[in-house]
Amino acid sequence: MHFKHPEILYFLFLLIVPILVHLFQLRRFKTSYFTNIRFLKELAIQTRKSSKIKKRLLLATRILLLTCAIIAFAQPFFEAKDSKNASNEMYIILDNSFSMQAKGKKGELLKRAVQELLENTPETAQFSLLTNTENYWNTDIKSVKSSLQNLKYSAAPFELSSIMAKVKAHKSAYNKDIVIISDAVGLTENDIKNIDTGKKPYFIIPEAEQKNNVSIDSVYINQTLENFYEIGVDLSGYGEDFKPISTALYNQNKLIAKTIINFDTKKKKISFTIPKEAFHGYVSIEDNGLTYDNKLFFSISKNKKTNVISIGEPEKSNFLSRIYTSAEFNYNNYSISSLDYNSLEKQNTIILNELAEIPQALQTTLKAFVSKGGNLVVIPSEKTSVSNLNSFLGNFGKVQFNNLKTESKLITKINFDHPLFSGVFENKITNFQYPKTNSSFDISSPYPAVLSYEDQSAFVTAVQNSTAGITVFSAPINASNSNFQQSPLIVPLFYKIAQHNQKTGVNALTIGNNQPYFVDVLLTKDAILEVKGTEDSFIPIQQILNNKVKLTFNDFPETAGNYSIFDKKEWVENLSFNYKRTESDLSKVNTNVVSDFKTADTISTIFNTLQTERTDSQIWKWFVIFALLFLALEMAIIKFVK
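Cut-offs applied
- Residues numbered from 1 in each chain as written.
- Predicted model: local features only at pLDDT ≥ 70, side-chain atom pairs only at ≥ 80, totals over all residues.
- Heavy atoms only, no water.
- Helix = DSSP H or I, 4+ residues; strand = E, 2+ residues; numbered from the N terminus.
- Buried < 20%, exposed > 50% of the residue type's maximum accessible area, 1.4 Å probe, protein only.
- Contact = heavy atoms within 4.5 Å.
- Areas by Shrake-Rupley, 256 points an atom, 1.4 Å probe, with all protein chains shown as cover.
- 1 Å grid on protein atoms, 1.4 Å probe; cavity = no way out; pocket = protein on both sides within 12 Å on 5 of 7 lines; lining within 4 Å.
- Points joined across faces, edges and corners; volume = space filled by probe spheres on them.
- Nonpolar A, V, L, I, M, F, W, Y, C, P; charged D, E, K, R; others polar.
- Salt bridge = Lys/Arg side-chain N within 4 Å of Asp/Glu carboxyl O.
- Pairing = 2+ DSSP bridges.
- Core = buried A, V, L, I, M, F, W, Y, C linked by side-chain atoms within 4.5 Å.
- Phe/Tyr/Trp six-rings, centres within 6.5 Å; stacked < 30°, edge-to-face > 60°.

**What about the overall build of the protein?**
Across its full length, the protein carries 12 helices and 38 strands. A total of 642 residues make up the protein; the buried ones form 44% of that total. Considering only contacts in the protein between residues 6 or more positions apart, those separated by 24 or more positions represent 70%. Total accessible area on the protein stands at roughly 35400 Å², and carbon and sulfur atoms take up 51% of it.

Below, the structure is given as structure tokens:
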């Protein structure tokens, strides 16, 4: 037993006072004899015994009364089991990612978690609340009540490691109690490996009852006809025993097509045919799973011709004119001697076709062209100066040419996952007529190859660049050195190269992807582009590049939907934003990684546990009660004991 004010125990010396009073009240009886004293003698003895018992009882009750009163003022208590952590600070981490839209026994997981926090968090409790996007430091439940009630689902995925880093970086003189409320979808060992094992957090993992979910993954132009687009839609089913799913296509919020899908496989692909014109709408489904991935917004801009120019000998560039037809492209070819440098900045794609040497003036112009989002293709010549070419390529990445080797090699491998071949092949082809080259350069490149030789060396590689497309061939592809011009691979490859970063397909950006977006508009220096939706608007980071504007969106907008770009009040073009589909698979619940940590069903359980383990047992009230009882006993003795 411990005392909050042990110094008061010194007053126990006052117990000597009732003892002294008792001693002073003792008297010696003087014996007196009478003629007939038998009866009086017996009465005197009886009175003396009764008086001694009463005084001793009073002495005991007064000593006990004073003792209990003094001990009560000293405030005795039994120390709590976990009293060392009684001053800990509380940190509540609440997962508000889209997987928390799943329905549990009492409704959506996030809404139920918020309700439990509001109902069971003590009003006097101080804590910090952290979500995927918001931080509320050193607050209480009344202060964050409104924010919790209006908490929205976050487009940012739940990254426990980054949130724990914020908690760790928050300086405090006290230890920290951490409560993590999450459905554990996508939780990995890397997320918890840096958690201090000596300060294990509490996990509350609400469980979803409905784990079946269907997601719209992507929308693309499957085929371009003379007057129509064939739109392809890819869907994924997570779970089993799906009911038929209703799928609809909307343009400007007007229904233009609808169908029913039976999920007999995990992946489904459906097609819609729409007029070959601008589109600004979405495709939607109806299922009993998550709602955030039931819509995919996309836009198709009015078809514009792409400007392509090739620099090289005309006889070696004839194959390009058959690929870049006048229906979709403005294609021109110039020799290095007749090239108009002023026309280069107006191009979308520039092809350097087998130049022996790249002049310094052209290098400077092309460097500026690429920095503004232009696409560049480099096809070497057998007479290419390796030092000159390496100096030029050093401006864009780490691709470097080595010596020319005159040996025949087959082109046998296609990188189907590369962006230049996305949507080109329905199935992965493993047996096709392999093209070959008679001579080629060895190139060193840290980037994945688009096409590879049989010895796994790169035939075509693409430099990873967030603003431009830079494609490099390792060999000349003229008819005397290669039969690649007769290969069916040449058309989709050069077609996709020219269309990189161009508004000729489906425009569906992902929120938080941070990939630059280029708008073909001529602005004055003081002009600013604004992105507007039906509910909100924002001004992205922007950079004026001659006849283009480079936009960077970062984490904006917060809500998926169809948006438009405006120059003041003048409409420029449409674009659409969607959430990442990283939360769609509800079967990725990984509770094994938290097996070494404390878990609880509700937040009230945690608060009650901490209250029990860290609150000292105060027993001074019992001594007050005993003091009152002894006082009552003393009064009873005085009144009833004779």
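**Section: the environment of Lys346**
Within the secondary structure, Lys346 sits in the loop between strand E18 (329–334) and strand E19 (349–355). The residues touching Lys346, leaving out its near neighbours within four places in the chain, are Asn307 and Asn547.

**Topic: the layout of surface pockets**
The volume enclosed by the second largest pocket comes to roughly 790 Å³. In terms of lining residues, the second largest pocket is bounded by 25 residues, among which Thr133, Tyr153, Ser154, Ala155 and Glu558 are the most central. In the lining of the second largest pocket, the residues fall into 11 nonpolar, 7 polar and 7 charged.

**Looking at the pattern of salt bridges**
Tallied over the full model, the rule gives 8 salt bridges. The salt bridge partner of Arg62 is Glu634, with a shortest N-O separation of 2.5 Å. Of the two residues, Arg62 sits in helix H2 (residues 38–73) while Glu634 sits in helix H12 (residues 620–640), which places them 572 residues apart along the sequence. Taking relative accessible area as the criterion, Arg62 reaches 32% and is therefore assigned partly exposed. The exposure class assigned to Glu634 is buried, which follows from its relative accessible area of 10%. With a shortest N-O distance of 3.5 Å, Lys142 and Glu123 are connected by a salt bridge. Highlighted residues: Lys142 in the loop between strand E7 (135–139) and helix H4 (145–149) and Glu123 in the loop between helix H3 (109–120) and strand E6 (127–130), separated in sequence by 19 residues.

**Looking at the sheet that holds strand E16 (residues 295–300)**
Each strand in a sheet pairs with another by means of backbone hydrogen bonds, the pair being arranged parallel or else antiparallel. Read across the open sheet, the 5 strands follow the order E13-E12-E15-E16-E28; overall the sheet is antiparallel. Since the sheet does not close on itself, it has two edges, and those belong to strand E13 (254–261) and strand E28 (506–507), each with one partner. Summarising the sheet, E16 and E28 pair through 2 bridges and their orientation is antiparallel. Bridge pairing in E28 links Ile300 to Val506.

**What to know about unusual backbone geometry**
Between Phe556 and the following residue, Pro557, the backbone shows a cis peptide bond with an omega angle of -5 degrees. A positive phi angle, near 65 degrees, is found at Ala184, a position not held by glycine. Relative to the helices and strands, Ala184 resides in the loop between strand E8 (176–181) and helix H6 (189–192). Exposure remark for Ala184: the relative accessible area of 2% places this residue in the buried category.

**Examining the pairing of E7**
If a strand is regular, its side chains alternate between the two faces of the sheet. With 3 bridges joining them, E6 and E7 adopt antiparallel strand pairing. Note on E7: the bridge partner recorded for Leu129 is Tyr136. Linking E6 back to E7 in an antiparallel pair, the connection comprises 4 residues.

**Some remarks on the environment of Ala600**
With respect to the helices, strands and loops of the structure, Ala600 is situated in strand E37 (residues 598–600). Separated by 394 residues in sequence, Ala600 and Pro206 place their C-alpha atoms 9.7 Å apart. Ignoring any residue separated from it by four or fewer positions in sequence, one finds Ala600 in contact with Phe203, Ile204, Ile205, Thr605 and Ile606.

**Comments concerning the sheet that holds strand E31 (residues 529–532)**
The 5 strands are arranged E29-E36-E35-E31-E32 in an open sheet whose pairing can be described as mixed. Whereas interior strands pair on both sides, the edge strands pair on one side only; in this sheet they are strand E29 (509–510) and strand E32 (537–538). Here 2 bridges tie E29 to strand E36 (residues 570–578), and the two strands are oriented parallel to one another. Bridge pairing links Leu509 to Phe577 in E36.

**Looking at the nonpolar core**
The biggest cluster of nonpolar side chains holds 54 residues, and the ones touching the most others in it are Leu94, Val179, Leu529 and Ile565. The leading source of residues in this core is H3, at 5 residues. When residues no more than four places from it in sequence are discounted, the contact partners of Ile565 are Tyr517, Val519, Leu529, Glu530, Val531, Leu551, Glu570, Trp571, Val572, Glu573 and Leu575. Within the second largest apolar cluster, 31 residues are counted, among which are Ile323, Tyr331, Phe416 and Phe421.

**Remarks on empty space enclosed by the protein**
Scanning the model with the defined rule gives 2 cavities of 30 Å³ or more in all. In this structure, the largest cavity occupies an estimated 60 Å³ of space. Leu352, Leu355, Ala356, Glu357, Ile358, Val378, Ile379, Pro380, Thr384, Ser385, Asn388 and Leu389 together form the lining of the largest cavity. Of all the secondary-structure elements, those providing two or more residues to the lining of the largest cavity are E19, strand E20 (375–380) and helix H9 (386–393).

**A few points about the packing of aromatic side chains**
Inspection of every chain in the model, using the stated rule, returns 28 aromatic pairs. With a centroid separation of 5.5 Å and 65 degrees between ring planes, the pair formed by Phe203 and Phe597 is classed as edge-to-face. Taken together, the residues Phe203 in strand E9 (residues 202–204) and Phe597 in the loop between E36 and E37 connect sequence positions 394 residues apart. Here Phe473 and Phe484 contribute two aromatic rings whose centre-to-centre distance is 6.5 Å and whose plane-to-plane angle is 70 degrees, an arrangement assigned as edge-to-face. Here Phe473 is found in strand E27 (residues 470–473), whereas its partner Phe484 is found in the loop between E27 and helix H10 (490–499), with 11 residues between them in sequence. According to the relative accessible area criterion, Phe484 is buried, its value standing at 0%. Three or more aromatic residues link up through ring pairs in this structure, and these residues are Phe319, Tyr453, Phe459, Phe473, Phe484 and Phe494.

**Digging into the pairing of strand E11 (residues 228–238)**
With 8 of 11 residues buried, E11 is to be regarded as a mostly interior element. The sheet contact formed by strand E10 (residues 213–224) and E11 spans 10 bridges and is antiparallel. Following the sheet pairing, Ile221 is matched in E11 by Ile231. Hairpin connection, E10 to E11: the antiparallel pair is bridged by 3 residues. Inspection of the sheet shows E11 paired to strand E14 (residues 267–275) by 9 bridges, in the antiparallel sense. Each bridged residue has a counterpart across the sheet, and for Glu230 the counterpart in E14 is Thr273.

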